[in-house]
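Below are the chains, spelled out letter by letter.
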Amino acid sequence: MKKIALITVHFLTAAALVAVACTDHPVNRLKGNWIAEDGIHELKITDKTFAIDAEAQINEDYFVKDDTIFTSFEGNQPYSKYTITKIDDQSLTLLDPDSVTINFRRK
């Protein structure tokens, strides 16, 4: 009886770990090079940096909380907030700090 309980506990723990590891997180879909539909803005997102205009070479640190991207230049506050309104594999729609919607497509 003790062996069955021990096996069951291990199996349930392994199943929980696999379920958590296999969930798709929106941050993973954010990473990459994006271009605005109007062609004016380029967006480059890596593991650690966020650059809204890639040619300006101003990389900002960022973190994601819920549906908002918080960016800061070299850790300075206040944070700039970009709200993710839509995201999938090929398109991204952001609401910038000035409440302007920018539609991006994957480059």
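These figures come from a predicted structure and were not determined experimentally. (Residues numbered from 1 in each chain as written. Predicted model: local features only at pLDDT ≥ 70, side-chain atom pairs only at ≥ 80, totals over all residues. Heavy atoms only, no water.)

## A word on the side chain of T71
Point 1. With respect to the secondary-structure elements, T71 resides in strand β5 (residues 68-72).
Point 2. The buried category is assigned to T71, whose relative accessible area is 0%.
Point 3. A distance of 2.8 Å separates the side chain of T71 from the side chain of E60, its partner in a polar contact.
Point 4. In this structure, T71 is in contact with F50, E60, D61, Y62, Y79, S80 and Y82, ignoring residues within four places of it in sequence. (Helix = DSSP H or I, 4+ residues; strand = E, 2+ residues; numbered from the N terminus. Buried < 20%, exposed > 50% of the residue type's maximum accessible area, 1.4 Å probe, protein only. Polar contact = N/O pair within 3.5 Å; in protein donor to acceptor, adjacent residues only side chain to side chain. Contact = heavy atoms within 4.5 Å.)

## Brief notes about the nonpolar core
Among soluble globular proteins, nonpolar side chains are generally buried collectively.
Point 1. Residues L43, F50, I69, L92, L94 and F104 are the most contacted members of the largest nonpolar core, which totals 16 residues.
Point 2. Looking at this core, the elements with two or more residues in it are β1 (32-36), β2 (42-45), β6 (80-87), β7 (91-95) and β8 (101-106).
Point 3. Apart from the residues lying within four places of it in its own chain, the contact partners of L94 are L43, I69, Y82, T83, I84, T85, V100, T101, I102 and F104. (Core = buried A, V, L, I, M, F, W, Y, C linked by side-chain atoms within 4.5 Å.)

## Thoughts on the sheet that holds β1
Point 1. Taken in spatial order, the 8 strands close into a barrel running β1-β2-β3-β4-β5-β6-β7-β8, and their pairing is antiparallel. Direction aside, the axes of adjacent strands within the sheet are offset by 35° on average.
Point 2. Of the pairings in the sheet, the one linking β5 to β6 comprises 4 bridges and is antiparallel in character. Bridging from a neighbouring strand, T71 pairs with S80 of β6. (Pairing = 2+ DSSP bridges. Axes fitted to C-alpha atoms, helices over the stretch in contact; angles between N-to-C directions.)

## Quick notes on the side chain of S91
Point 1. Counting through the fold element by element, S91 comes out in strand β7.
Point 2. For S91, a relative accessible area of 18% gives the class buried.
Point 3. S91 has contacts with W34, K86, F104 and R105, leaving out every residue within four places of it along the chain.

No statement about biological role is implied by the geometric values presented.
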